[in-house]
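# Geometric and topological summary
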Amino acid sequence: MTVLRTTVPSEKTAQWWRDSIIYQLYVKSFADSDGDGVGDLDGVTAGLDHIARLGVDGIWLNPCYPSPNRDGGYDVADYTRIDGRYGGMPAFERLLAATHDRGLKLLMDLVPNHCSDQHEWFQQALVAAPGSPERDRFIFRDGRGVDGAEPPNNWRSTFGGSAWTRINDDPGDAQWYLHSFDSSQPDFNWQNEQVGQMFDDVLRTWFDRGIDGFRIDVAYAMVKHAELPDLADPAGDNPYLWNQPGVHEIFKRWRKISDSYGRDLTLLGEVWLPPADATDYIRAGELNQVFYFDLLQQPFEAGAFRLSIAETLAGLKGVDGVPTWTLNSHDVHRSVTRYGLVEAEPMNSPDVNALRTRARGPVDVELGTHRAIAATLLVLALPGSVYLYQGEELGLPEVQDLPEDTRQDPIWARSEHAEYGRDGCRVPMPWSASGRSFGFSADDAVSAPWLPQPAWFADFAADRQQDDPDSVLAFYRRALHARQQLDQAADLEWLETGREDVLAFRRGAISCVTVFDGCSFMPPAEWGALVCSSLPAVDAAERWLAAGSTGWYAV
Ligand code: GLC
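Counting of residues starts from 1 at the beginning of each chain's written sequence and follows it residue by residue. Totals for whole chains, interfaces and linings use all residues, but because this is a predicted model, local features are given only for residues with pLDDT of at least 70 and pairs of side-chain atoms are given and counted only at 80 or more. To obtain the side-chain values, all non-hydrogen atoms of the structure were included, while hydrogens and water were left out.

## Some points on the overall build of the protein chain
The number of helices and strands found in the protein chain is 14 helices and 16 strands. Along the three orthogonal principal directions, the C-alpha set of the protein chain runs to about 80 × 55 × 50 Å. By the convention used here, residues are in contact when the closest approach between their heavy atoms is within 4.5 Å. By sequence separation, contacts in the protein chain at least 24 residues apart represent 67% of the contacts at least 6 residues apart. Only the protein chains shown count as cover for residues, and all accessible areas are computed by the Shrake-Rupley method using a 1.4 Å probe. In the form shown here, the protein chain has an accessible surface area of approximately 20,700 Å², with 50% of it arising from carbon and sulfur atoms. Between the centroid of the 48 positive side chains of the protein chain and the centroid of its 82 negative side chains there is a distance of 3 Å. Only DSSP runs of H or I covering at least 4 residues are called helices, and only runs of E covering at least 2 are called strands; the numbering of each starts at the N terminus. Note that His is not counted, nor are the chain ends; the positive residues are Lys and Arg, and the negative ones are Asp and Glu. The atom standing in for a charge is NZ when the residue is Lys, CZ when it is Arg, CG when it is Asp and CD when it is Glu.

## Overview of the site of the ligand
To be near a molecule or strand, a residue needs just one of its heavy atoms within 4 Å of it. Of all residues adjacent to the ligand, which total 14 residues, the nearest are Asp-71, His-114, Asp-217, His-330 and Asp-331. Whenever a nitrogen or oxygen atom comes within 3.5 Å of another N or O atom, the pair is scored as a polar contact, on the condition that within protein one atom can donate a hydrogen and the other can accept it, and that pairs from neighbouring residues in sequence are kept only if both atoms are in side chains. Asp-217 is positioned with one of its side-chain polar atoms (N or O) 2.7 Å from an oxygen atom of the ligand. Separating an oxygen atom of the ligand from a side-chain N or O atom of His-330 is a distance of 2.9 Å. When the ligand sits alone it has 310 Å² of accessible area, and the protein chains cover 97% of it. Residues were grouped as follows: Ala, Val, Leu, Ile, Met, Phe, Trp, Tyr, Cys and Pro as nonpolar; Asp, Glu, Lys and Arg as charged; and all remaining residues, including Gly, as polar. A class-by-class count of the residues in the shell around the ligand yields four nonpolar, three polar and seven charged.

## Let's talk about helix 5 (residues 193-209)
Taking 1.5 Å per residue as the helical rise, helix 5 with its 17 residues ought to reach 24 Å, and the 25 Å between its terminal C-alpha atoms agrees with that figure. The buried label goes to any residue with under 20% of its type's maximum accessible area, the exposed label to any with over 50%, and the partly exposed label to all in between, with areas taken from a 1.4 Å probe on protein chains only. Within helix 5, burial applies to Val-195, Gly-196, Met-198, Phe-199, Asp-200, Val-202, Leu-203, Trp-206 and Phe-207. Close packing links the buried residues of helix 5 with helix 3 (88-101), strand 3 (105-110), helix 4 (120-127), strand 7 (213-216), helix 6 (247-260) and strand 8 (266-271). The opening residue of helix 5 is Asn-192, an N-cap whose side-chain oxygen sits 2.8 Å from the backbone nitrogen of Gln-194. Just downstream of helix 5, Gly-210 is the residue with a positive phi angle, here 110 degrees. By this rule, a helix spans an expected 1.5 Å times one less than how many residues it contains.

## Side note on empty space enclosed by the protein
In this analysis, the protein atoms alone were mapped onto a 1 Å grid. Cavities are point sets where a 1.4 Å probe fits without being able to get out; pockets are open sets with protein on both sides within 12 Å along at least five of seven lines; lining residues have an atom within 4 Å of a point. Grid points are joined across faces, edges and corners, and a volume is the space filled by probe spheres set on the points. As enumerated under the stated definition, the model contains two cavities of 30 Å³ or more in all. A volume near 50 Å³ is recorded for the largest cavity. For the largest cavity, the full set of lining residues is Asn-328, Arg-334, Ser-335, Val-336, Thr-369, Ala-372, Ile-373, Glu-392, Gly-395, Leu-396 and Tyr-476. If you list the elements that add at least two residues to the lining of the largest cavity, you get helix 9 (335-340) and helix 11 (365-380). A class-by-class count of the residues in the lining of the largest cavity yields five nonpolar, four polar and two charged. The computed volume of the second largest cavity comes to approximately 30 Å³. In this structure, the second largest cavity is lined by Tyr-26, Val-27, Lys-28, Asn-62, Pro-63, Gly-72 and Tyr-86.

## Some details on the sheet that holds strand 2 (residues 58-61)
The sheet built from eight strands closes into a barrel, its strands ordered 1-2-3-7-8-9-10-11 with parallel pairing. Across this sheet, the average inter-strand angle for adjacent strands is 25 degrees, counted without regard to direction. If DSSP finds at least two bridges between two strands, the strands pair. Pairing of strand 8 with strand 9 (residues 289-292) involves four bridges; the strand directions are parallel. Pairing of Val-271 across the sheet is with Tyr-292, part of strand 9. Every axis corresponds to a line fitted to the C-alpha atoms, with the helix fit spanning only the stretch in contact, and the corresponding angles, defined between N-to-C directions, vary from 0 to 180 degrees.

## Thoughts on unusual backbone geometry
Excluding glycine, residues mostly carry a negative phi; peptide bonds, for their part, are mostly trans. The phi angle at Val-218 is positive, at roughly 30 degrees, despite the residue not being glycine. Within the fold, Val-218 resides in the loop between strand 7 and helix 6. Overall, the relative accessible area of 7% leaves Val-218 in the buried class. If you check the backbone angles, Asp-264 has positive phi at about 60 degrees while not being a glycine. Along the chain, the position of Asp-264 falls in the loop between helix 6 and strand 8.

## Considerations on the environment of Pro-323
Position of Pro-323 relative to the elements: it lies in strand 10 (residues 322-326). Along the chain, Pro-323 and Ser-385 lie 62 residues apart, while their C-alpha atoms are 6.5 Å from each other. Residues within four places of Pro-323 in sequence aside, it is in contact with Ile-282, Val-290, Thr-312, Leu-316, Pro-383, Gly-384 and Ser-385.

The following block contains the structure:
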């Protein structure tokens, strides 16, 4: 294979976020430095060499604020500090310094749609009277029916069950509060100016401490339809809960704050919408990046991938920000499992996104791995930024068979065990093939990992892959290195392949070709020589691309 010219990665300068590769850290599951079975920030600091060696531009920390952890930290009790279980503020300062020393960026997770029911504002609201300023920071309503015993409307929580919880049975005050997710996560009332001011302060607090941006949780949810109308079909999607026009005002306000720092901060919104709507969030003066999941939800098929990419690119006309591409996260089944699923079990979920991203069933791991790395090399060639999720560089499949009594995701209980939820992609990382917790905690750790690791994790351990040129880890390092040669200013131009199962496009000198199915493929000579591929070429001349793989060709 022709080796790409090696250059020193250019120092990321203005608008570094436009084509950045960010490594997502589910902190609880990355590395445990103090033996309590829970990953922490000193564990991340110790693992920064592993992350930096991949060739990423930065890291994003899932929430590590004080939290009762009913929803993996997305139930924040205090937005201004780091929880002691992750090492508190001293560990955060050590990590931030170590990250910046390596020239990497650090993004935090901002959770503005809801807080924890343990947040002091919600505790104040519970003891305040109906109609009080304390209640007005949340979405409290009287119930319907006799004695207000029925919820104010028929909305369902994304995690299952009603989206409303009644605070007590007192007939004088039996109000209900809205929670789009778990009942421990009351939604804020973004019509209340105090909420906006509180979050302005939160942004400034962390920007002042030196972080480089925020990933914004369910960014399209903060503003609800003013009348909270009943749904015609409560089991379907809820258009009144998401994507209300007023939400864009919040981003304009935040963008003014982030721009005022003059140091190229980024705001990345999590938006589970079709491409045409998602790209609305990166209009000039709003978010810099939109966290976008349409591609992740597609089957491994050339036509589906092409359509999703084309719709995104079409949505970029006239906007200012960039899309982000991701194939894995802490909310979906790992890509090896999604693409290797042999037969999906019937599934029942109130969350339409779950049906496409968390199907269960037997998996062909080899097939899934080939497809997952092929898809990775494809997204690395797209315009925009790429987010990787810890463990995908090891080719980890989803842990589908966690013992039921160890499951922690609130989806499991709220769906009355109809849906297993997201624990299987959050199992602590295997660093070494041996040891009680595969190197996640020290062998003499007091506690076992917070979720049990299966015995087969040994096969995926980082130390097994470290020096193996054929490992998934070696592939990630090679692919991310190759991406430094991509001309990020170049537009995407589709190329004709003559086959429905082969997708190809060019960006500058590089032609990216994916053979989704069928037999191997020989690209035209003018596309150049193979410079990087997810599987070895199938001929001595290194031009035939294997079925189920992606290759980059360069002239
Ligand atoms: C986002 C997070 C998810 C969380 C939910 C509620 O989708 O990624 O993990 O459960 O928001 O905060």
